[in-house]
Amino acid sequence: MSRPSVVRPRFVRPIGALALLLAAVVTLSAFAVGSGAGLGGRAAPLGAPTADAAAPTYPPLTGNLTGPTVVATATSSTYFVNATGGPAYVKGLLVGNLTFAVTLTGANLTGVTVTPQNGSMFNNTPSHFVLKTTNVTQTLTITVLLKSALANVSRELNLTLAVPVVVPYVISTELVASTNATVLPFSITVDLDGQPIATVRVPEIPAGQSYAFRYLYATTGLSVGYHTFSISLAQEHGLVRFPNGATTYSMTVYVAGPPPNYTIWIVAGVIAFFAAAFISLARLRARRRRRR
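Source: prediction; values computed, not measured.

Undergrad: Which parts of the structure should I look at to understand the overall build of the protein?
TA: Each helix and strand in the protein was counted, giving 2 helices and 18 strands. Put simply, the protein has 292 residues, and 25% of those count as buried. Looking at the protein alone, contacts between residues at least 24 apart form 64% of all its contacts between residues at least 6 apart.

Undergrad: Is there a simple way to explain the side chain of Thr75 in this structure?
TA: Residue placement: Thr75 occurs in the loop between β2 (71-72) and β3 (76-84). On the basis of relative accessible area, Thr75 is assigned to the buried category, the value being 17%. When neighbours within four sequence positions are excluded, Thr75 is seen to be in contact with Leu131, Lys132, Thr133 and Leu216.

Undergrad: Explain the environment of Leu93 here, please?
TA: Here Leu93 lies in strand β5 (residues 93-94). Each C-alpha atom of the pair Leu93 and Asn123 lies 8.3 Å from the other, and the pair is 30 residues apart in sequence.

Undergrad: Is there a simple way to think about the pairing of strand β11 (residues 153-166) in this case?
TA: Both faces of the sheet carry side chains from a regular strand, because those side chains alternate between them. Bridge count for β2 against β11 is 2 bridges, and the pairing is parallel. Each residue of the ladder has a partner; that of Ala72, found in β11, is Val166. Bridge analysis of strand β10 (residues 138-150) against β11 gives 13 bridges, and the strand direction is antiparallel. Within β11, the position partnered with Leu146 by the bridge is Leu157.

Undergrad: What is the right way to read the sheet that holds strand β9 (residues 127-132) from this model?
TA: Each strand in a sheet pairs with its neighbour through backbone hydrogen bonds, running either in the same direction (parallel) or in the opposite one (antiparallel). One open sheet holds the 4 strands; their spatial order is β1-β3-β9-β7, and the pairing between them is antiparallel. This sheet does not close on itself; its edge strands, each paired only once, are β1 (62-66) and β7 (113-115). Taken over all neighbouring pairs, the strand axes of this sheet differ in orientation by 20° on average, direction set aside. As paired elements, β7 and β9 share 3 bridges and run antiparallel to each other. What sits directly across from Thr115, in β9, is Val130.

Undergrad: Sorry if this is basic, but what is going on with the confidence of the model for the protein here?
TA: Residues shown with low pLDDT carry predicted positions that ought not to be read at fine detail. Residue-level pLDDT values for the protein average 82, and 75% of them are 70 or greater. Looking over the protein, one finds the lowest element-wise mean pLDDT in helix α1 (residues 17-38), namely 46, and the highest in β2, namely 98. In the model, residues 1-15 has pLDDT below 50 throughout and makes 1 contact with residues more than four positions away in sequence or in other chains. This stretch, residues 24-54, has a pLDDT under 50; its non-local contacts, to residues over four places away or in other chains, come to 1 contact.

The rules behind these values
Residues numbered from 1 in each chain as written. Predicted model: local features only at pLDDT ≥ 70, side-chain atom pairs only at ≥ 80, totals over all residues. Heavy atoms only, no water. Helix = DSSP H or I, 4+ residues; strand = E, 2+ residues; numbered from the N terminus. Buried < 20%, exposed > 50% of the residue type's maximum accessible area, 1.4 Å probe, protein only. Contact = heavy atoms within 4.5 Å. Pairing = 2+ DSSP bridges. Axes fitted to C-alpha atoms, helices over the stretch in contact; angles between N-to-C directions. pLDDT = per-residue confidence, 0-100.

Okay, here's the thing in structure tokens:
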């Protein structure tokens with residue numbers, strides 16, 4: 001009788017602690033990826049930045065340039081520049097640098113100046129610069145470069161304005177204060193053909209003294225005909241008058257039209273001359289033929 005065979009179990013080497021740890025990490029990673037895919041999400045690639053590390057957003061850089069659109073020769077005019085947005089603004093607050101730089105172009109810039117040529121803006125408050133012109137009539141182009149910057153991020157914007165420099169109309173007269181009292185500062189409205197065009201501030205005038213009033217009206221052109229500038233002191237209740245004692249002053253100018261264009265008449269005359277010469281020559285030839 002044969003003896004039953006006995007199956008001896010093989011010896012199994014125990015798994016080390018490090019191998020168990022690696023297996024657990026691999027299992028958890030697979031579970032996390034599978035769970036994200038099951039929820040409709042996408043697994044983030046290794047090393048991808050999180051939402052908190054995304055680059056901050058900022059409003060677009062905008063700005064404006066305001067001031068006289070026509071200026072007089074040999075005068076100073078003030079312009080205002082304002083800007084907002086760009087990297088310098090974070091959550092509506094100015095935390096970076098917001099600056100401007102001014103450049104000029106024109107036919108003759110000798111003696112023409114801009115002060116200051118560059119500057120900064122703070123707390124939504126406009127900055128300003130002064131344009132000083134000479135006696136040269138021309139068109140100046142003002143270019144303002146706006147720059148909004150924070151750290152190594154910046155944005156720029158150009159603003160341009162074409163400004164004709166013209167010979168102005170000059171309204172000048174004397175203002176005489178009464179001998180009874182000093183006249184405090186007041187304003188005078190300048191009218192053109194009955195419509196107000198400017199308000200001029202007059203400083204204090206001591207009693208019995210006079211002030212030289214002068215206003216320059218710069219324009220690219222008035223219509224053909226007569227135009228009247230006028231000012232009134234009626235609101236000063238007799239405390240200030242003009243040298244002749246009146247309370248109103250006016251100045252009338254005449255704007256001539258363009259010179260007549262005689263070109264069409266010259267051309268017509270030349271055509272008529274040659275036509276008459278041709279007719280006369282034709283008649284003369286006809287008479288000679290008849291005689292023959």
